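In case you want the letters, here they are:
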Amino acid sequence: MPNLSRVPVIPMLLMAAIAVSLTLFIRASLERRAEIQEMQALRDSLVVLRYEAESCRNLLARDEAEFRRFADRVDSLRTEVRAYEALDERGVPGEQYDDYLSVFELYNESVEGWQRRADDLEASAAACTEQTQRHNELAEAVRARTVPTSEDAG
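Residues numbered from 1 in each chain as written. Predicted model: local features only at pLDDT ≥ 70, side-chain atom pairs only at ≥ 80, totals over all residues. Heavy atoms only, no water.

Draft legend 1. Geometry of the side chain of Gln131. Within the element layout of this structure, Gln131 appears in helix α2 (residues 97–146). Of the residues examined, Gln131 reaches a relative accessible area of 9% and is grouped as buried. Side chain to side chain, Gln131 and Glu52 meet in a polar contact 2.8 Å long. In this structure, Gln131 is in contact with Leu49, Glu52 and Ala53, ignoring residues within four places of it in sequence. (Helix = DSSP H or I, 4+ residues; strand = E, 2+ residues; numbered from the N terminus. Buried < 20%, exposed > 50% of the residue type's maximum accessible area, 1.4 Å probe, protein only. Polar contact = N/O pair within 3.5 Å; in protein donor to acceptor, adjacent residues only side chain to side chain. Contact = heavy atoms within 4.5 Å.)

Structural data, given as structure tokens:
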């Protein structure tokens, strides 16, 4: 059995304290590095979500303008159909009936297309809203992790 009275106690305690301190320092450094990498990944995701949300809004604006032009065309056809129907209170005159029928059929087809386009536009708007909401939720989560709150200061 070794003689413990001969082993210098202070240098041993000092070595143990240094070892513990070094271990704690390395652990804290690794945890901090992991936290920084996680925050960078969150920020990268945020950039992607922002790009997707902006792209969605831009496409939606383009689709909406296209829909408005189409709706104007449908309104124009409706006006044209009504003009034919207003020529005579007994109905469309026979000599103009073929022209009327062509416009009327085009109008009916357009109305069906209008509803489909309106539904598509509504679905696109909902998708963009959802995309923007996902971006905002992630932005809020990132902000909550990086901005000190009043509780943190106190």
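Draft legend 2. Broad picture of the pattern of salt bridges. Here the structure, examined in full by the defined rule, presents seven salt bridges. Between Arg68 and Glu64 there is a salt bridge whose closest N-O contact spans 2.8 Å. Taken together, the residues span about one helical turn, with Arg68 and Glu64 both in helix α1 (residues 9–85) at a distance of four residues. In this structure, Arg143 and Glu140 form a salt bridge, with 2.7 Å as the shortest nitrogen-oxygen distance. (Salt bridge = Lys/Arg side-chain N within 4 Å of Asp/Glu carboxyl O.)

Draft legend 3. How the structure looks around the packing of aromatic side chains. Summed over the entire model, instances satisfying the criterion amount to four aromatic pairs. Measuring from centroid to centroid gives 5.5 Å for Phe67 and Trp114, while their planes differ by 45°, and the two rings are tilted. Residue Phe67 is located in helix α1, and its partner Trp114 is located in helix α2; the two are separated by 47 residues in the primary sequence. Ring geometry for Tyr97 and Tyr100: centres 5.7 Å apart, planes at 45°, overall tilted. Taken as a pair, Tyr97 and Tyr100 lie in helix α2 at a separation of three residues, close to a single helical turn. Judged by its relative accessible area of 9%, Tyr100 falls in the buried class. Taken together, the ring pairs in this structure connect Tyr84, Tyr97, Tyr100 and Phe104 into an aromatic cluster. Here the basic side chain of Arg117 rests over the ring of Phe70, its NZ or CZ set 3.9 Å away from the ring centre. (Phe/Tyr/Trp six-rings, centres within 6.5 Å; stacked < 30°, edge-to-face > 60°. Lys NZ or Arg CZ within 6 Å of the ring centre and 35° of its normal.)

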